[in-house]
Each structure stands twice: as C-alpha cells, then as structure tokens.
Amino acid sequence: MEVQIREVRDSDLELFFEHQRDPDATAMAAFPARERDAFMAHWASGSGAPGVIRRAVVVDAELAGNVVSWEDDVRLVGYWIGRDFWGRGVATEALTQFLRQVTGRPIYAHVAVHNTGSIRVLEKCGFQRTDPPFEDEEEIVLVLHNN
Ligand SMILES: CC(C)(COP(=O)(O)OP(=O)(O)OC[C@H]1O[C@@H](n2cnc3c(N)ncnc32)[C@H](O)[C@@H]1OP(=O)(O)O)[C@@H](O)C(=O)NCCC(=O)NCCS
C-alpha cells in the first residue's frame, strides 16, 4: 500500500462530502455532517485563506481522505479518512507526511474523548495530551511541540 498526500483539487470535494456525512464517522468524530451547500461553502471559503493548509490523502492512486490545518489563535490539525480505508495505517502515514510539510509548532488537535482511533493516530505521531487533559468532558486536546 502506498500513501501519498497532494494538493486538494475541486474534483476531490464530492468524495470528501460523502466521507463527512458517513454516520459512523460523524459519531466517531462527534462532528455533525454539513449539508452539501454548507460543505461546499466551507471548503470554498477556506480555499487560499491565510493559514489554511489542506492536503488530499491518496492510497494506491485512490482518493482516501484529507488532512487539514488552520489557525484559530493556535495552529490546529484535523483529518478525515473514508471508511473503506480505515484500519490500515492510512491516517498515521498521512499525518506523518503532513507534519513534514507543515512544520509550524506547536500544533494542536481537538478530539472527542471516545475517538480512540484518532487519539492513537495523534500519539503515534508524537502528540501528547495537554495538561490539564480535559478542556471539557467531551473533548481532549493534544499537542505536538517538536518534530
Ligand atoms: C480516526 C481515523 C482518522 C483513523 O484512521 P485510520 O486510517 O483507520 O487509522 P490508522 O489505521 O492509522 O490507525 C492508527 C492506530 O489507531 C488504531 N485505531 C484506528 N481506528 C480505531 C478505532 N476505531 N478504535 C480503536 N483503535 C483504532 C489502530 O489500531 C492503530 O493503532 P495501532 O497501530 O496501535 O494498532 C478514521 O477512522 C477517521 O477518519 N474517522 C472519521 C473522522 C475522524 O474521526 N477524524 C478525526 C477527528 S479528530
């Protein structure tokens, strides 16, 4: 299996839209799905915006998901992998490659407390739970200070 990241193309958005409305994925991420217009508007508004860095994740030449980073006082990272690609190390490899390209630190991630897979992905990439660990009861914040 070969995992690569590349610039996002407009033609990727249809599949990203489908990924973010998968009920199992939204439950995992505790992040509500956007309707089509809201989703497309969200991606259009971020396109080329200062501080926004987006990559498509490609597995054996097939579009598999995305990794994104943005600024909201601090630099943040998030990712979404389509369910067909879960459980094969794709998120870990994609985030590893992304963190080689996006070198600003610290970089933070907010994760639902029950999203064990995502927490594991982040910890495998060197992120640590912040102290105090709980920002609230539903979300934890992890941070990567150095590469
Ligand atoms: C969470 C998500 C990114 C994981 O992607 P993935 O490609 O399956 O992750 P990986 O294969 O790289 O797995 C990394 C580690 O997490 C573990 N893991 C992955 N999914 C898991 C799950 N659902 N439950 C428990 N552990 C899980 C893997 O076993 C692996 O650990 P190991 O190396 O110790 O065996 C993916 O399921 C996803 O995109 N979900 C929907 C959106 C989402 O939750 N985004 C993150 C928001 S913060």
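Here goes a summary of the coordinates provided. All figures in this text were calculated on a predicted structure; none of them were measured in a lab.

Parameters and conventions
Residues numbered from 1 in each chain as written. Predicted model: local features only at pLDDT ≥ 70, side-chain atom pairs only at ≥ 80, totals over all residues. Heavy atoms only, no water. Axes fitted to C-alpha atoms, helices over the stretch in contact; angles between N-to-C directions. Helix = DSSP H or I, 4+ residues; strand = E, 2+ residues; numbered from the N terminus. Parallel < 35°, antiparallel > 145°, perpendicular 65-115°, else oblique. Left-handed = near helix turned anticlockwise from the far one by under 90°. Contact = heavy atoms within 4.5 Å. Nonpolar A, V, L, I, M, F, W, Y, C, P; charged D, E, K, R; others polar. Near = heavy atom within 4 Å. Polar contact = N/O pair within 3.5 Å; in protein donor to acceptor, adjacent residues only side chain to side chain. Areas by Shrake-Rupley, 256 points an atom, 1.4 Å probe, with all protein chains shown as cover.

1. Considerations on the packing of helix H4 (residues 90–101) against helix H5 (residues 116–124)
Look at H4 against H5: their axes get within 9 Å of each other, and the N-to-C directions meet at 40°. In terms of orientation, H4 and H5 fall into the oblique class. Here H4 runs over H5; the crossing is right-handed. Mapping the contact onto sequence places Ala91, Thr92 and Leu95 in H4 and Val121, Leu122 and Lys124 in H5. Along the lines of polarity and charge, the residues of the contact of H4 with H5 split into 4 nonpolar, 1 polar and 1 charged.

2. Side note on the site of the ligand
Inspection of the region around the ligand gives 20 residues, with Gly87, Gly89, Thr92, Arg120 and Lys124 positioned closest. Between the ligand and glycine 87, the relevant distance is 2.7 Å, taken from an oxygen atom to a main-chain nitrogen or oxygen of the residue. Within the complex, the protein chains bury 74% of what would otherwise be the 920 Å² of accessible surface of the ligand. Sorting the residues of the shell around the ligand by element identifies helix H2 (23–29), strand S4 (74–81), H4 and H5 as the ones contributing at least two each. Broken down by element, the shell around the ligand gets its largest block of residues, 5 residues, from H5. When grouped by side-chain class, the residues that make up the shell around the ligand number 10 nonpolar, 7 polar and 3 charged.

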